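# Residue-level structural notes
Below are the chains, spelled out letter by letter.
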Amino acid sequence: MSADVTLAARIAAAAARHVDEVVAIRRDIHAHPEVSRAETRTTALLADRLRAAGLEPRLLPGTGLLCDVGPEPGGATATGTADDEPSPGRVALRADLDALPLQDRCDLPWASTVPGVAHACGHDVHTAVVLGAGLVLADLHAQGELRRGVRLVFQPAEEVQPGGSLDVLAAGAMDGVDEIYAVHCDPKVDVGRIGTRIGPITSASDEVSVTIASPGGHTSRPHLTGDVVYALGQVITQVPAVLGRRLDPRSGVNLTWGAVHAGSAHNAIPSTGTVRGTLRCLDVRAWEFAGQVLHDAVEQVVAPYEVEVTVHHTRGVPPVENDERCTGLLEAAARDVLGPDSILLTEQSLGGEDFAWYLTKVPGAMARLGTRTPGGRSYDIHQGDLQVDERAVDAGMRLLARVAAGQDG
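Residues numbered from 1 in each chain as written. Predicted model: local features only at pLDDT ≥ 70, side-chain atom pairs only at ≥ 80, totals over all residues. Heavy atoms only, no water.

As annotated in an unreviewed UniProt entry, the protein carries the name Peptidase M20 dimerisation domain-containing protein and comes from Cellulosimicrobium cellulans F16.

### Some points on the UniProt feature "binding site: Mn(2+)" (unreviewed entry) in the protein
To be explicit about the condition: UniProt positions are given in the numbering used here, feature names are shortened, and annotations may be inferred rather than shown by experiment. Each helix corresponds to a stretch of at least 4 residues labelled H or I by DSSP, and each strand to a stretch of at least 2 residues labelled E; elements are numbered beginning at the N terminus. Accessibility here uses a 1.4 Å probe with only protein chains present; expressed as a share of the type maximum, an area under 20% marks a residue as buried, one over 50% as exposed, and anything in between as partly exposed. Should any heavy atoms of two residues lie within 4.5 Å, those residues are considered in contact.
The sites that carry the UniProt feature "binding site: Mn(2+)" (unreviewed entry) are, in the present numbering, Cys121, His123, Glu159, His184 and His382. A maximum C-alpha distance of 13.1 Å places the annotated residues, which cover 262 residues in sequence, within one compact spot. You can see Cys121 is positioned in the loop between strand S3 (90-96) and helix H3 (123-142). Residue Cys121 is classed as buried on the basis of its relative accessible area of 4%. Those residues in contact with Cys121, other than ones at most four positions away along the chain, are Leu100, His126, Glu159, His184, Cys185, Ile381, His382 and Leu386. Counting through the fold element by element, His382 comes out in the loop between strand S16 (364-372) and helix H9 (391-405). Those residues in contact with His382, other than ones at most four positions away along the chain, are Leu100, Leu102, Ala120, Cys121 and Glu159.

### What about the side chain of Arg280?
The cut-off we apply is this: His is not counted, nor are the chain ends, whereas Lys and Arg count as positive and Asp and Glu as negative. Salt bridges are counted wherever a side-chain nitrogen of Lys or Arg sits within 4 Å of a carboxyl oxygen of Asp or Glu.
Mapped onto the fold, Arg280 is located in strand S12 (residues 272-281). Buried within the structure, Arg280 lacks any salt-bridge partner; its nearest side chain of opposite charge belongs to Asp206, at an N-O separation of 8.5 Å. Setting aside anything within four residues of it in sequence, one finds Arg280 in contact with Ser203, Ala204, Ser205, Gly252, Val253, Asn254, Leu350, Gly351 and Gly352.

### A look at the pairing of strand S8 (residues 204-213)
Here is the rule: Two strands form a pair only when DSSP identifies at least two bridges running between them.
Burial analysis of S8 places 7 of its 10 residues in the buried class, which makes it a mostly covered element. Direction of pairing for S8 relative to strand S13 (residues 308-317): antiparallel, over a ladder of 8 bridges. Opposite Thr211, over in S13, you have Thr310 as the bridge partner.

### Some points on the environment of Leu224
Structurally, the position occupied by Leu224 is in the loop between strand S9 (217-218) and helix H5 (228-246). Through-space distance from the C-alpha of Leu224 to that of Pro61 is 56 Å; in sequence the pair is 163 residues apart.

### What about the UniProt feature "domain: Peptidase M20 dimerisation" (unreviewed entry) in the protein?
Within this structure's numbering, the places UniProt gives as "domain: Peptidase M20 dimerisation" (unreviewed entry) are residues 208-304. Segment residues 208-304 splits into 39% helix and 30% strand. End C-alpha atoms: 22 Å apart.

### Here's the deal with the sheet that holds strand S6 (residues 194-196)
With respect to topology, 8 strands assemble into an open sheet ordered S1-S2-S4-S3-S5-S16-S6-S15, the strand pairing being mixed. This sheet does not close on itself; its edge strands, each paired only once, are strand S1 (58-59) and strand S15 (343-345). Where S3 lies against strand S4 (residues 150-155), 6 bridges are found, and the strand directions are parallel. By the bridge assignment for S4, Ala95 is matched with Phe154.

### Topic: the domain arrangement of the protein
Our working definition: Domain start and stop positions are those given by an automatic or database domain assignment. Buried surface area refers to the total accessible area, computed with a probe of radius 1.4 Å, that the two partners give up upon joining, counted for both partners together.
On domain assignment, one finds that the protein holds domain 1 (7-202 + 318-405) and domain 2 (204-314). Between the C-alpha centres of domain 1 and domain 2 there is a distance of 39 Å. Taken together, the contact between domain 1 and domain 2 spans 12 residues of the former and 13 residues of the latter. Taken together, the two surfaces of domain 1 and domain 2 that pack against each other cover about 940 Å², and 59% of this comes from carbon and sulfur.

### So, the side chain of Asp186
Along the chain, Asp186 falls in strand S5 (residues 177-190). One buried charged residue, Asp186, remains without a salt bridge, the closest side chain of opposite sign being Arg368 at 4.8 Å. Setting aside residues up to four positions removed in sequence, Asp186 forms contacts with Thr346, Arg368, Leu369, Gly370, Thr371 and Arg372.

### Digging into the packing of aromatic side chains
Note the following rule: Each aromatic pair joins two rings of Phe, Tyr and Trp (for Trp, the six-membered one) with centres within 6.5 Å, and gets the label stacked for planes under 30 degrees apart, edge-to-face for over 60, and tilted for any other angle. For a lysine, the NZ atom is tested; for an arginine, the CZ atom; a charge sits over a ring if that atom is within 6 Å of the ring centre and within 35 degrees of the ring normal.
For the structure shown, the criterion picks out 3 aromatic pairs. Ring centres of Tyr230 and Tyr305 lie 5.5 Å apart, and the angle between their planes is 65°; on these two criteria the pair is classed as edge-to-face. Within this pair, whereas Tyr230 is found in helix H5, its partner Tyr305 is found in the loop between helix H6 (284-302) and S13, the two being separated by 75 residues in sequence. Take Tyr305: its relative accessible area is 23%, and that puts it in the partly exposed class. For Arg27, the ring lying beneath its charged end belongs to Trp110, and the centroid distance is 3.8 Å. Over the ring of Trp287 we find Arg315, and its NZ or CZ is 3.6 Å from the ring centre.

### A closer look at the packing of helix H1 (residues 7-31) against helix H2 (residues 40-52)
Selection rule: A fitted line through C-alpha atoms represents every axis, and for helices the fit uses only the stretch in contact; the resulting angles, taken between N-to-C directions, go from 0 to 180 degrees. Working definition: roughly parallel below 35 degrees, roughly antiparallel above 145 degrees, roughly perpendicular at 65 to 115 degrees, and oblique for all remaining angles. Helix crossings get a hand from a simple test, with the near helix turned counterclockwise from the far one by less than a right angle marking a left-handed crossing and a clockwise turn marking a right-handed one. Three classes are used, and their members are as follows: Ala, Val, Leu, Ile, Met, Phe, Trp, Tyr, Cys and Pro are nonpolar, Asp, Glu, Lys and Arg are charged, and the others, Gly among them, are polar.
Their axes nearest at 11 Å, the elements H1 and H2 cross at an angle of 165°. Judged on the interaxial angle alone, H2 and H1 are roughly antiparallel. As for the relative orientation of H1 and H2, their crossing is right-handed in sense. Only Arg41, Thr42, Leu45 and Arg49 of H2 make contact with H1, whose side of the interface consists of His18, Glu21, Ile25, Asp28 and Ile29. Among the residues forming the contact of H1 with H2, the class breakdown is 3 nonpolar, 2 polar and 4 charged.

Set out below in structure tokens:
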């Protein structure tokens, strides 16, 4: 192809050849969702398509796969000339495969055929985007136009803790990788646009459970026993306040309770009670310290009430902290393939995302991928009626292919 044709144009042409098929695959995946660590059909579907493109996917233990495209790190670049510099390490593109245990209410021809399971977080879109980007990059490589190796990472089990990214890392997914990128659907951003942010874009997300026990007794004699319900009330109201004073308020620490259970009679003090919730934090350093503060606060708050207390704090995922350089490269790619007005500053989310674990190994960035039809309804993720404007698949394919192809061209 003529050198006068820009890399963005070459990527657009390749994307146009594949996008209809990739959208069809996205619909197939949406119609056949699989929950975490059960993504067998999805894995096989992807592996078959990648093999058809002449690639060699490597199946991961259980579910998920890796697939390399382009030149090997440290070898000659795609042009193969004597003057070429050795190629750098690979750039990785990550997608998550799993669906949620929710009923699909999208009312479309490709609605879920599996009762109680739905792609309500857009992972079907993420998977299609990375697959499509991989096919585009394979075309560039076949034409001698891909100067850097790329690793496609199709990860299982993002929606559970511990996340599937830890299994993928243990399988060596980041070996030979220098940086990693991903997109996440945002149904509040118009299709054709992305949201970016340097630094924390999502939150650490931990599970917290506090159980209080005492001999129990009659509500007419609370002084003769430990009052489990009253002590639980102090935990519910005081512990979040303690965290807010012991940890830097700029860290975005948030402890919110989601369930409380104690007793069954209006005139009996129960012997046990439990409150459960989530601890979230936007700063990884505060997150590392928050667990000990939580334990200390619970024990000190209930100390006057002569009850026994057990705190279970299950660390989930750290915050996704976008690297400044990688965020800049992602934005430059967006301007090149989506247009100069395609980027907006996204808000920080207190939701958790196990893409964060990859960023503890290599720098990278995640972008919010707009899926809303301009002027149309704003949906929410993790809801069974989620719908996306499928033009987002083409936009995401071109974005990730462009950032992976590098800055030459």
